[in-house]
Amino acid sequence: QVQLVESGGGLVQSGGSLRLSCEASGSISRINRMDWYRQAPGNQRELVAGIESGGSINYADSVKGRFTISRDGARNTAYLQMNSLKPEDTAVYYCNAHVVRISSTVVFSYWGQGTQVTVSS
């Protein structure tokens, strides 16, 4: 089995910064892609940023220039550096990983439990 654990959420004032971490552990052969999603109350879950194993990165338009996704392949960990935070960034942030498990060729999708980010105005 594979587990994802997010950390780094909290309460911050508008204009502030937070750094989220997502560590994957378990029976992992390879992680093809790691993404950060967020879901605000009453809204659908949306993709914030994603990073491929080869380094390709994409961002939602709403966070371009403010958020930076990175990855430590050796530690199976992804990070989301969030700067210039706005109240509309308030949401539960979830990590998602596309994982090939040991002794398998199938790609599985795993989710973390989520971490709350609250930005006060």
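Above this note sits the structure.
Cut-offs and rules
Residues numbered from 1 in each chain as written. Predicted model: local features only at pLDDT ≥ 70, side-chain atom pairs only at ≥ 80, totals over all residues. Heavy atoms only, no water. Helix = DSSP H or I, 4+ residues; strand = E, 2+ residues; numbered from the N terminus. Buried < 20%, exposed > 50% of the residue type's maximum accessible area, 1.4 Å probe, protein only. Contact = heavy atoms within 4.5 Å. Areas by Shrake-Rupley, 256 points an atom, 1.4 Å probe, with all protein chains shown as cover. Lys, Arg positive; Asp, Glu negative; His and termini not counted. Charge placed at Lys NZ, Arg CZ, Asp CG, Glu CD. Pairing = 2+ DSSP bridges. Axes fitted to C-alpha atoms, helices over the stretch in contact; angles between N-to-C directions. Phe/Tyr/Trp six-rings, centres within 6.5 Å; stacked < 30°, edge-to-face > 60°. Lys NZ or Arg CZ within 6 Å of the ring centre and 35° of its normal.

A short note on the overall build of the protein
Here is step 1: The number of helices and strands found in the protein is zero helices and eleven strands.
Here is step 2: Mapped in sequence order, the helices and strands of the protein form the string β-β-β-β-β-β-β-β-β-β-β.
Here is step 3: Considered along the principal axes of its C-alpha atoms, the protein spans approximately 50 × 25 × 25 Å.
Here is step 4: Here the protein, with 121 residues, has 41% of them falling under the buried criterion.
Here is step 5: Nonlocal contacts in the protein, meaning residues at least 24 apart in sequence, comprise 56% of its contacts between residues at least 6 apart.
Here is step 6: Carbon together with sulfur atoms contributes 45% to the accessible area of the protein, which is approximately 6200 Å² in total.
Here is step 7: Here the protein holds 11 positive side-chain charges and 9 negative ones, and the gap between their average locations is 3 Å.

Structural notes on the environment of Val 63
Here is step 1: With respect to the helices and strands, Val 63 occurs in the loop between strand 6 (57–59) and strand 7 (67–72).
Here is step 2: For Val 63, a relative accessible area of 0% translates into the label buried.
Here is step 3: Expressed as a C-alpha distance, the spacing of Val 63 and Leu 85, which sit 22 residues apart in the sequence, is 9.2 Å.
Here is step 4: Residues in contact with Val 63, not counting those within four places in the same chain, are Arg 38 and Val 48.

Focus on the sheet that holds strand 1 (residues 2–7)
Here is step 1: Here four strands make up an open sheet; going across it, the order is 1-3-8-7 and the pairing antiparallel. Looking at the sheet topology across the chains shown, the edges are occupied by strand 1 and strand 7. Strand-to-strand twist across the sheet, computed as the mean angle between neighbouring axes with direction ignored, equals 15°.
Here is step 2: In terms of strand pairing, strand 7 meets strand 8 (residues 77–82) through six bridges, oriented antiparallel. Bridge assignment links Thr 68 to a residue of strand 8, and that residue is Gln 81.

Comments concerning the packing of aromatic side chains
Here is step 1: Across all of its chains, the model carries two aromatic pairs by this definition.
Here is step 2: Ring centres of Phe 108 and Tyr 110 lie 6.3 Å apart, and the angle between their planes is 40°; this geometry places the pair in the tilted category.
Here is step 3: You can call Tyr 110 buried: its relative accessible area is 11%.
Here is step 4: We note Arg 45 situated over the ring of Tyr 94; from NZ or CZ to the ring centre the distance is 3.7 Å.
Here is step 5: Positioned above the aromatic ring of Phe 108 is the side chain of Arg 101, whose terminal nitrogen or guanidinium carbon lies 4.2 Å from the ring centre.

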